[in-house]
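Descriptive analysis of the structure
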Amino acid sequence: MEAGSERRRRRRRVGEDEGGGPDRISDLPDAVLGEIISLLPTKEGARTRILASRWRNLWRSAPLNLDCYDLTTSLGEVTDVVSRILSSHQGPGRCFRILRGFRPYEAATVDSWLQSPAVDNLQELRLSYTRNNQSQLPLLSESFLRFSTTLRVATIEHCHLLDSIVQGLQLPQLRQLTLSNVRISECSIPHVIAGCPVLECLMIIDSFSFRCLRINSISLRSIGVRAEYHEDELNFEELIIENAPCLEKLLHLCDGGALHVSVIFAPKLETMRCSSDPTKKISFGAMVIQGLRIDGLTTEVRTIKFLSVDMDKFCLDTIIGLMGCFPCLEKLYIQKLYIQSSSSGEPKNLWLRKHKNFISYHDIRLKKIVFKTYRGTGSQVSFVTFFVLNARVLESMILQIEATNDKEEFLAKHRRKLQLENMASRGAQFQFTTDECVRNVWSIDDARVLDLADLFAC
């Protein structure tokens, strides 16, 4: 005990003599230092061994954070490096992310990794293979089951989830789940959700072999879905939110499949994403939003405060229709997925007479509006000016422009055209930017993203 105290005093004296101040970090208990190391990227965590003799063996006993994406070498070299790390590390495991690139015939290698004592008590797992075609998807390893009581975050990609494994699966601590390009039967996928009693974030990306998914969960707060068409397979076509009392975010992401989302009971739903793709539908009772067009009886959904939409053309009529459905909207993100070379075919967006009644009787509550991409066409000027002159509680408006337009002449011209000196909200901040200001839809591909406070902002 006295010898240990003397060593710590000697380290402090050495640090002070070298002008660096006392080394108080090294005085922390091993358990605390191990937690710090486990929060670092894989390479940086391993490099802590060279800091001092005090740190030499800490990484091997700290909770293992092993992310293959951090090991920027060839696939063969990554395999060797991962195997060496697992054989030398004492465990327990914190996070293990296995990168894409492993072929189905290499599943045995991945399975041996999952059985390593170095990943005992694993809390986060990303398991991904490379897909050649659907018929060659590897089976989800039964070794996955040994983490069932400790996993908090799970991402499973390009796997076949057998009924025999899934239907008895219990994941009592899992809070975030991503199923991407997995084959799972219609009778099994409800068992997955039912077996996760504290699940908060669910992302389903391009998965198949089931047609309909019904959500009945008292814990889910965020759901993201994207459906791709798989030839000769049963495709995901319908999501029904039957009972989700805590659901706050629902993202209908775009891809090649037709998907209908029905919301029956989600009283706390605040955040949505809609696609202009006419094969995508979202319904609230009798009201159906197909693409971005409203069919059926217009129902006011007053809980929605944050909305992101993609549009082929900036159409003011469409946005005003959505504001009628979501009258308490506070943040609006609008992006064009495809940049047109000319303004031909764009709507004129004339609004002064056409939407006179809306302006007179509708309380526009928008506080933040973000447009991607603004090119300054007449249609877009009219579109933006509507909000400049009528959004009375607006706090922020951001227009993402192309780098070629980032010139004072263009900016000054459009400040005049948009009548910024006459803004209805005098305290609003207005900004042109060339930076990405709306999160790309393709980057919303993991349940962890769903946990962001403002998942549409970059």
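Further remarks concern the overall build of the protein chain. A count of helical and extended segments in the protein chain gives 12 helices and 20 strands. Counting every position in the protein chain, which comprises 458 residues, the buried fraction comes to 51%. A separation of at least 24 residues holds for 65% of the contacts in the protein chain among residues at least 6 apart in sequence. In the form shown here, the protein chain has an accessible surface area of approximately 21,100 Å², with 50% of it arising from carbon and sulfur atoms.

Turning our eyes to something else, we now look at the nonpolar core. Counting 118 residues, the largest nonpolar core has Phe96, Leu239, Ile319, Phe326 and Phe387 as its most contacted members. Not counting the four nearest positions on each side in its chain, phenylalanine 326 is found in contact with Met272, Phe284, Ile289, Val301, Ile304 and Leu307. In terms of nonpolar packing, the next biggest core, distinct from the first, is built from 19 residues, Cys201, Tyr333, Val438 and Ala457 among them.

Right, let's get into the side chain of serine 219. Residue position: serine 219 is located in the loop between strand S7 (212–216) and strand S8 (222–226). Setting aside anything within four residues of it in sequence, one finds serine 219 in contact with Cys196, Pro197, Val198, Leu199, Glu200 and Cys246.

As a further point, take the packing of aromatic side chains. Two descriptors summarise a pair of aromatic rings, namely the distance from one centre to the other and the angle between the planes of the rings. Enumeration over the complete set of coordinates arrives at 13 aromatic pairs. With centroids separated by 5.5 Å and ring planes inclined at 85 degrees, the aromatic side chains of phenylalanine 371 and phenylalanine 383 adopt a geometry described as edge-to-face. Taken as a pair, phenylalanine 371 in strand S18 (residues 368–374) and phenylalanine 383 in helix H11 (residues 378–390) lie far apart in primary sequence, 12 residues in all. A relative accessible area of 0% places phenylalanine 371 in the buried class. Aromatic pair tyrosine 374 and phenylalanine 432: ring centres 6.2 Å apart, planes at 45 degrees, arrangement tilted. In this pair, tyrosine 374 is assigned in strand S18 and phenylalanine 432 in strand S20 (residues 429–433), connecting sequence segments 58 residues apart. With a relative accessible area of 14%, phenylalanine 432 lands in the buried category. Each member of the aromatic cluster is reached from another via a ring pair, and the members are Phe314, Trp351, Phe371, Phe383, Phe386 and Phe387.

Structurally, the position occupied by tryptophan 113 is in helix H6 (residues 107–114). Residue tryptophan 113 is classed as buried on the basis of its relative accessible area, which comes to 3%.

With mixed pairing, 6 strands are arranged side by side in an open sheet as S7-S9-S11-S13-S14-S15. Among the strands making up the open sheet, the edge pair consists of S7 and strand S15 (293–295). Adjacent strand axes in the sheet meet at a mean angle of 20 degrees, parallel and antiparallel pairs treated alike. Sheet topology note: the strand S11 (residues 259–263)/strand S13 (residues 280–284) ladder contains 5 bridges and is parallel. Bridging across to S13, valine 261 finds its partner in isoleucine 282.

For the rest of this paragraph, the subject is helix H12 (residues 408–417). Because each turn of an α-helix spans 3.6 residues, side chains separated by three or four positions end up pointing in the same direction. Burial in H12 covers these residues: Phe410, Leu411 and His414. Each buried residue of H12 lies within a common arc of 95 degrees when the element is viewed along its axis, so the set occupies one face. In H12, the exposed positions that point more than 90 degrees away from the buried face belong to Glu408, Glu409 and Arg416. Positive phi shows up at glutamine 419, right after H12, with a value of about 55 degrees.

Below, the discussion takes up the environment of proline 327. Mapping proline 327 onto the fold places it in the loop between helix H9 (316–325) and strand S17 (331–336). Residue proline 327 is classed as buried on the basis of its relative accessible area, which comes to 8%. Expressed as a C-alpha distance, the spacing of proline 327 and histidine 362, which sit 35 residues apart in the sequence, is 8.0 Å. With near-sequence residues (within four places) excluded, proline 327 lies in contact with Glu300, Val301, Arg302, His362, Asp363 and Arg365.

Attention now goes to a nonpolar patch on the surface. A contiguous nonpolar surface patch, about 290 Å² in accessible area, is contributed by Ile25, Leu28, Val32 and Ile36. Within the secondary structure, leucine 28 sits in the loop between helix H1 (2–17) and helix H2 (30–38).

Along H6, the positions that sit buried rather than exposed are Ala107, Val110, Trp113 and Leu114. Angularly, the buried residues of H6 cover 120 degrees about the axis, an arc narrow enough to put them on a single face.

Summarising burial for S18: 6 of the 7 residues are buried, a large majority. Here S17 runs beside S18; their pairing, made up of 5 bridges, is parallel. Its bridge partner being in S18, glutamine 335 is matched across the sheet by lysine 372. One ladder, built from 6 bridges, connects S18 with strand S19 (residues 396–401); its direction is parallel. Counterpart to tyrosine 374 in the pairing with S19 is isoleucine 401. In this fold, the crossover linking S18 to S19 by way of H11 has right-handed handedness.

So, about the pattern of salt bridges. Tallied over the entire structure, the rule returns 25 salt bridges. Residue arginine 221 is joined to glutamate 248 by a salt bridge in which the shortest nitrogen-to-oxygen separation is 3.9 Å. With a gap of 27 residues between them, arginine 221 in the loop between S7 and S8 and glutamate 248 in the loop between strand S9 (238–243) and strand S10 (249–252) connect regions that are remote in the sequence. Its relative accessible area of 22% is what places arginine 221 among the partly exposed residues. Among the residues examined, glutamate 248 registers a relative accessible area of 26% and is labelled partly exposed.

Scoring rules and cut-offs
As a convention, each chain's residues are numbered from 1 in the sequence order in which they are written. The predicted origin of the model limits local features to residues at a pLDDT of at least 70 and limits the giving and counting of side-chain atom pairs to 80 or more, whereas totals for whole chains, interfaces and linings rest on all residues. Where side-chain values are given, they derive from all heavy atoms of the structure, hydrogens and water being excluded. Numbering of helices and strands runs from the N terminus, with a helix taken as a DSSP run of H or I at least four residues long and a strand as a DSSP run of E at least two residues long. Using a 1.4 Å probe on the protein chains alone, a residue whose accessible area is under 20% of its type maximum counts as buried, one over 50% counts as exposed, and one in between counts as partly exposed. We call two residues in contact whenever any of their non-hydrogen atoms come within 4.5 Å of each other. Per-residue accessibility takes into account occlusion by the displayed protein chains alone, with areas from the Shrake-Rupley method and a 1.4 Å probe. For this analysis, a nonpolar core means a set of buried residues of the types Ala, Val, Leu, Ile, Met, Phe, Trp, Tyr and Cys, connected via side-chain atoms within 4.5 Å. The aromatic pairing rule takes the rings of Phe, Tyr and Trp, using the six-membered ring of Trp, and pairs them if the centres are within 6.5 Å, calling planes under 30 degrees apart stacked, those over 60 edge-to-face and the rest tilted. For two strands to count as paired, DSSP must find a minimum of two bridges between them. Here the axes come from fitting lines to C-alpha atoms, over the contacting stretch only for helices, and the angles between their N-to-C directions go from 0 to 180 degrees. This arc is taken over the directions from the axis of the helix to the C-beta atoms. Think of a patch as exposed residues, more than 30% relative accessible area, with no salt bridge, where like charges cluster within 9 Å and nonpolar side chains (Val, Leu, Ile, Met, Phe, Trp, Tyr) cluster within 5 Å. Any carboxyl oxygen of Asp or Glu within 4 Å of a side-chain nitrogen of Lys or Arg constitutes a salt bridge here. A crossover gets the label right-handed when its path from the first strand over the helix to the second runs clockwise, viewed with the strands pointing away from the viewer.

Functional significance is not addressed by these values, which are geometric in nature.
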